[in-house]
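# Residue-level structure breakdown
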Amino acid sequence: MSVCKMDALLLYSLPFFYLVKISTEFCLPSEVNVENKSGCLKSCPQKLSMFRQTCYNKCPINTQEIQTELGIFCTIEHDFECQRASCPENFPMCYRMNCLKTCPEYTVKFNNNCILKCPSNQSFVVSADCEGACMTGNKTCLSSCPVSHPFIFQASRSKHCLQQCPPYTFEDAVNKVCHLSCPSKSPLLYNRTCYETCPPSNPFILTLTTEYNSISQCSDSCSENDVLDGQYCVSACPKGKHLLNNTCVENCPFSHPLMYPNIERIFINSIKNFGKADFMCVDTCNLETNSIIKYNLEFEKKCLKTCPQNSHFAFNGSCLSLCPASHRFNIDYSNYYLCVESCPQNKFISNETNCRHSCPKEEHFMHNKTCYKQCPLDAKYRKLNVYLSHYECFEDCPENSPLIFNQTICMENCPHEAKYKSNGTCVAQCQDELKYAIKIRTELTFYYQKTDYSCVQSCPKQYFISGNNCVRECPQDQNHIFNRTCLKTCPEAFGFRELERSHYKCIAKCPSETFVYNKSDCVPSCPTEARYQNNKTCVANCTDERKYKFTNFTTISLNWRDTKKIYHHFCLPDCPSDSLYYLDNCVKECPKEANYLYNKTCTTSCPENRNYAFLTGNYYTCYDDCPANTYIYNESLCVSVCPDDKNFEFNSTCYDKCPDSSDFKLHEGLYFKCMNSCTSLLTLNKTCYKICPSGAKFQDDGYCVQECKAEERKYRFKNVTTVSNNQKIDKHYCLRKCPVNTFDLNFTCVSHCSPDTLELGNKCVQSCPNDRPLNYTSSKGKHSCVYSCPYQTFKFKQNCFDQCPSGFRNHLGTCRLECPQSHPYTDIITQKCLSTCENNFVIVDNKVCDKKCPHDKQYIEKKACVKSCRNPNSLLQNAKQGIFCHDQCPHHLLLMENKGTCVEKCPDNKLIVGSVCRSIYKCPNHAYLEHTDYGKRCTNRCSPTFFLDGSHCVQECPPEKVIVNAMCADECPPSHPITYKNFGSSKPRVTCYSVCPDNYVSNGTTCIEESDCHNAKHFSYDHVCYDACPRGTGLSGDYTCVSLLQNIFITIGLIILTLILMAVFYCLTCFTGCRPKELKETRIQKIKTHFQLVTRNKNKEKNTKYIINFKKGKQETAEILEVNDANQTDGENLEEVVELNDGFKPITFRRRNV
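Residues numbered from 1 in each chain as written. Predicted model: local features only at pLDDT ≥ 70, side-chain atom pairs only at ≥ 80, totals over all residues. Heavy atoms only, no water.

## As for the overall build of the protein
Rules: Think of it this way: any DSSP run of H or I at least four residues long counts as a helix, any run of E at least two long counts as a strand, and we number them from the N terminus. Residue contacts are defined here by distance: any two heavy atoms, one from each residue, within 4.5 Å place the two residues in contact. Each accessible area is a Shrake-Rupley result for a 1.4 Å probe, and residues are judged covered by the shown protein chains and nothing else.
For the protein, the helix and strand inventory stands at four helices and 114 strands. A separation threshold of at least 6 residues defines the contact pool for the protein, and within that pool the share at least 24 residues apart is 27%. For the protein, the computed accessible surface area is about 75400 Å², with 50% contributed by carbon and sulfur atoms.

Rendered as structure tokens:
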């Protein structure tokens, strides 16, 4: 084709390119996508047409439809031709100008091209990827079948070369052809060969249907969905045959004589293949089905769902013409009548034998479950049952319908024609003793009201009498009430009337809180036509005695939002003290036409003796002199502020300028005040200011200046002051030096140095001096010169930081680009170098300690994040940091059985055995099941904080149970009869005790606090509260009893113990043993031993109280005598004088040989 023809074709085909979706660009050249859907497919679904990699419901216009075994294709001329010279070896196949590795599934291979169907000179299709006439995989076009695939199979649109014929074809081994049918002489197919009859091993004949053919095939059995008709396996029995045991028969046998019909939607669980015939042979019609319709009635050997017209009574599953005598009653089932022995409770007997839901019209009255033509004499009262549409007969009207109408009808409410209730009877008009008719409305719901009409002997208190009726409101023509009776006018003795609701009440005189209007009406307020109150009487005009008219008002609330003013008008002899006189009226303010006030009277001008007028509100007040804090304006007016034309005030008078003697002026609001000088104020050009203006904002020695030029006050300082309403005012000063906590920045006092300067003392400098060389940069951005880095800061070169800069790590007070080998890990938050990660952090990339592993490395090995566990059989634990890899679960985790994971808590549907979470429903070898916070644990012993409840260990016993020795029980046993309930806990439970615990005593069978027993002036003993101490006990302390016998034993024990201790003490201190008499020689030496006090001579006790003998071994004996004087000597044997001080009185002893 020439280039011109190709251009014309492209121009003609241009509309088709707009049909191709952008989504095709995302699929591979060998893939397709469905129109208006996402995703790529290998080929188009069935019944869809493919046009340039997109599947459509039908081919676009101006395209040619080609249908092959592989699909339906929409083409234009040369659309599938491949014009590429060659494709590379790794992508050898060419398809629509694309080089592919393999052809698309919907094409065949021909000379390294992918085409829709094989050409006529090479029409054989060979597929090496599957058996049979394969439509998938790699398919190749050849001129003849190869040796590996010798058999020819003719499909509907192509010829296939196969290794062997399909099982549904006759294999012609001579001609190498696969036939789709057998010859007429041998119509039966078995193992790809045609036979006249089936072999004994496969005697059954079934019809095999494929997409290519339908052929009779020999089989060893029929399929589950087929039934047997003679020798043939068929999908359903032919007309005229019935189904029995999955076999088609002409007549039902004696064992199954009944014919059950085939019904759509019916399903019988116990019988397979039901529905494969018009009828099925059964032994009974009463089959269990899941259908509403049951064919369970037998008639002439057929199962029916309804009996025929001439035999419409059903008994024992059979249709009869009449019910038997034993079951003479019948129930209407719409299509037949069921014979029963007696009528059910919810049925009524009609016509002696019929059991009906309600009585028919010809027998419309029911009594004792039986229908009658009219009620019997002993039950003459009747009531209509609206649900069953018949009357029920009663001896007396029932409670829910107690009213009698027309002598025999029971009514719940009286009808309109006899709406009044009179002694339980509905009457049209009240009479005799109950002569008054009353209407009472009862509100049953928000939308519905019930009205009752009754006859009464007298009207209730809240009703009025109008003729023979009791009414809540009197009628319009009788709207006057006297003695609860409606009248046209009031009687003469009660000539005043007061309006109540819509009627007038007749009274002898008006109440004190009302006013008399029109001589007889008592009104709460006077009407408009007589609005003035004159001595409790409403009048149109005031009299001379009370000529002043005064008006005020009160405000009332109409609702939560709106209010209303109620005006009151009075006639007074004099105006109130807080009001003004104007003509004959009392007013709050003077009107515009008389807006001058003098002596509480409104006039048109001030009198001649009053020189000044002062505007107060909307009127002027006349004065002899202007009031305080006002100024004279134009010689006669008093003003609060001097106006613009004379806005200079001097000596309480307004001028157009200040006088020469007081030429200093102060701006006071809207005017200027003239002054002699600016004392205690700021001066600028003879103007006094409280705050300097912006043009000369600096305060310098009482003056406002533009700049601080004085050498002694050259420092500029700004102070911010907060005034009312949080308004801030800036004040600027010229100072001798900067204030405390400020810094000198080029003679300006600032609270912080600028970012390009550093703090050095109270100055801002450009660089740090040598004596403070380090630049300390705080976290707030402040720079200062320091000698050394402050505590808990970090140093880097000549800088100190609260936190190291970005990209740096901190270690031992310094900032570093990398952490040392001793501390190789970095905390991601603090950037601190660590020897190991802290706070349960994990190691991520670049040895950083982080809270959580990244998405591409979610597994954790030895606290490091990895892509996967080294051990493929590792146990996994899901945590907030990631997934931990364990060789075995840690002691605080549980192993999930058959899942290889470690968990903190076992699911509710699993049990914990040991430390394994298992999928079992009960414990294997354990007595109890403990309900813990981490799951249900199998155990043979409850934990200390748990209670045993049956076979369960629970943290709290149920509220209805009590606690006995860490067990939950229904009630306290006799061994633990005493109970205590701790109301201080969040969930109080009753605990059973044999004896109350410490600090508690039993009060009957309940434990109470011992203090409660004492507060009631009772006594406690042995954990029991008594009215008085028991026998054998005594009072010890406040209301506490102790055992006297126990005290006696304790006293005796203490005495014995004291004697023993005294004897031991004697042996250790005083006992010296026996001294031999023959020992005469002694040797003098210093002796250290125990000593014993003995009395030598009673006569000498005054001078010498004690004689102490002591001895050492068997060598010597000595004595120590008390002396009064340390200098006293006694013979030659004196050896030593010693002073003994026992803390009370010093005693002097001497020792001598004996």
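## Focus on unusual backbone geometry
Despite not being glycine, asparagine 483 has its phi angle at roughly 55°, a positive value. Along the chain, asparagine 483 falls in the loop between strand S46 (480–482) and strand S47 (485–487).

## Thoughts on the packing of aromatic side chains
This is how the line gets drawn: The aromatic pairing rule takes the rings of Phe, Tyr and Trp, using the six-membered ring of Trp, and pairs them if the centres are within 6.5 Å, calling planes under 30 degrees apart stacked, those over 60 edge-to-face and the rest tilted. The classification of residues rests on relative accessible area computed with a 1.4 Å probe and restricted to protein chains. Under 20% of the type maximum is buried, over 50% is exposed, and intermediate values are partly exposed.
Counted by the stated rule, this structure contains 21 aromatic pairs. Ring geometry for phenylalanine 153 against tyrosine 212: centres 5.1 Å apart, planes inclined by 90°, an arrangement best described as edge-to-face. In this pair, phenylalanine 153 is assigned in strand S12 (residues 151–154) and tyrosine 212 in the loop between strand S18 (204–209) and strand S19 (214–219), connecting sequence segments 59 residues apart. With 5.8 Å between their ring centres and 35° between their planes, phenylalanine 313 and tyrosine 337 make a pair best called tilted. Placement of the pair is phenylalanine 313 in strand S28 (residues 313–315) and tyrosine 337 in strand S31 (residues 337–340), with a sequence separation of 24 residues. Given the relative accessible area of 14%, phenylalanine 313 is considered buried.

## Structural notes on the pattern of salt bridges
Rules: Throughout this description, the term salt bridge denotes a Lys or Arg side-chain nitrogen within 4 Å of a carboxyl oxygen of Asp or Glu.
In this structure the tally under the stated criterion is 18 salt bridges. For aspartate 452, the salt bridge identified is with lysine 421, shortest N-O distance 3.7 Å. With aspartate 452 in strand S43 (residues 449–456) and lysine 421 in strand S40 (residues 420–422), this residue pair connects regions lying 31 residues apart in the sequence. Two residues, arginine 501 and glutamate 473, come together in a salt bridge whose shortest N-O distance is 2.8 Å. Taken together, the residues span a long stretch of sequence, with arginine 501 in the loop between strand S48 (496–500) and strand S49 (503–507) and glutamate 473 in the loop between strand S45 (469–471) and S46 at a distance of 28 residues. Here the residues in one salt-bridge network are Asp700, Glu712 and Arg713, joined through shared partners.

## So, a nonpolar patch on the surface
As a reminder of what qualifies: Like charges within 9 Å and nonpolar side chains (Val, Leu, Ile, Met, Phe, Trp, Tyr) within 5 Å are joined into patches, using only residues over 30% in relative accessible area that form no salt bridge.
On the surface, Leu1045, Ile1048, Phe1049, Ile1052, Ile1056, Ile1060, Val1064 and Leu1068 cluster together to form a nonpolar patch covering roughly 780 Å² of accessible area. Mapped onto the fold, isoleucine 1052 is located in helix H4 (residues 1044–1069). By relative accessible area, isoleucine 1052 is classed as partly exposed at 43%.

## A few points about the pairing of strand S105 (residues 1006–1009)
The cut-off we apply is this: Two strands are said to pair when DSSP picks up at least two bridges between them.
Looking at chain direction, strand S104 (residues 1000–1003) and S105 are connected through four bridges and run antiparallel. Among the inter-strand pairings, asparagine 1003 is bridged to a residue of S105, identified as threonine 1006. Between S104 and S105, which follow one another and run antiparallel, lie two residues, and glycine 1004 among them has a positive phi close to 75°.

## Observations concerning the state of the cysteines
Put simply, the test is: The disulfide definition used here is simple: a pair of cysteine sulfur atoms within 2.5 Å.
This model, assessed by the stated rule, comprises 55 disulfides. Residue cysteine 198 pairs covalently with cysteine 218 via a disulfide, S to S 2.0 Å. Its torsion about the S-S bond being -85°, the disulfide of cysteine 198 and cysteine 218 is classed as left-handed. Pair noted here: cysteine 198 is in the loop between strand S17 (193–195) and S18 and cysteine 218 is in strand S19, with a separation of 20 residues, a long-range link. Here cysteine 198 and cysteine 218 have matching classes, each one buried. Sulfur-sulfur distance for the disulfide between cysteine 307 and cysteine 319 comes to 2.1 Å. Disulfide cysteine 307-cysteine 319: the torsion about the S-S bond is -85°, which places it as left-handed. Taken together, the residues span a long stretch of sequence, with cysteine 307 in the loop between strand S27 (302–304) and S28 and cysteine 319 in strand S29 (residues 318–320) at a distance of twelve residues. On the accessibility criterion, cysteine 307 (7% relative accessible area) is buried.

## Details of the side chain of arginine 356
Note the following rule: In this tally, Lys and Arg are treated as positive and Asp and Glu as negative; His is ignored, and so are the chain termini. For this analysis, a polar contact is any N or O atom pair within 3.5 Å, provided that within protein one partner can donate a hydrogen and the other can accept it, and provided that sequence-adjacent residues contribute only side-chain to side-chain pairs.
Take arginine 356: it is sitting in strand S33 (residues 354–356). In this structure, arginine 356 is buried with no salt-bridge partner, the nearest side chain bearing the opposite charge being aspartate 332 at 5.0 Å. Separated by 3.4 Å, the side chains of arginine 356 and asparagine 354 make a polar contact.

## Some words on the side chain of threonine 742
With respect to the element layout, threonine 742 can be found in the loop between strand S73 (728–735) and strand S74 (743–745). At a separation of 2.5 Å, a polar atom in the side chain of threonine 742 contacts the main-chain carbonyl oxygen of proline 739. Excluding its chain neighbours within four sequence positions, the residues that come into contact with threonine 742 are Phe717, Cys749, Val750 and Asn762.

## Points about the environment of glutamate 224
If you trace the backbone, glutamate 224 turns up in the loop between S19 and strand S20 (227–229). Look at glutamate 224 and you get exposed, because its relative accessible area is 68%.

## A word on the sheet that holds strand S2 (residues 49–51)
Across the sheet, which stays open at both edges, the five strands sit in the order S1-S3-S2-S5-S4 with mixed pairing between neighbours. Two strands close off the open sheet at either side, each with one partner strand: strand S1 (33–34) and strand S4 (64–68). Pairing analysis gives three bridges linking S2 to strand S3 (residues 54–56), with the strands arranged antiparallel. Paired with phenylalanine 51 across the bridge in S3 is threonine 54.

## Topic: the confidence of the model for the protein
Just so we agree on the cut-off: The predictor rates its confidence in each residue with pLDDT, a number between 0 and 100.
Of the residues in the protein, 87% have a pLDDT of 70 or more, and the chain-wide mean is 83. Across residues 1076–1148, where pLDDT falls below 50, the model places 126 contacts with residues more than four positions away in sequence or in other chains.

## Describing the environment of isoleucine 978
Structurally, isoleucine 978 can be placed in strand S102 (residues 978–981). Every residue in contact with isoleucine 978, bar those within four places of it in the chain, is listed here: Thr991, Cys992, Tyr993, Ser994, Val995, Cys996, Ser1002, Thr1005, Thr1006 and Cys1007.

## A look at the pairing of S18
For S18 and S19, the ladder comprises six bridges, and the chain directions are antiparallel. Considered in S19, the bridge of leucine 208 is made with isoleucine 215. The turn joining S18 and S19, which pair antiparallel and follow one another in sequence, is formed by four residues. Across two bridges, S18 lies against strand S21 (residues 232–234) in parallel orientation. Paired with isoleucine 205 across the bridge in S21 is tyrosine 232.

## Here's the deal with the environment of serine 454
Structurally, the position occupied by serine 454 is in strand S43. According to the relative accessible area criterion, serine 454 is buried, its value standing at 18%. The spacing of serine 454 and glutamine 429 is 25 residues in sequence and 9.8 Å in space, taken between C-alpha atoms.

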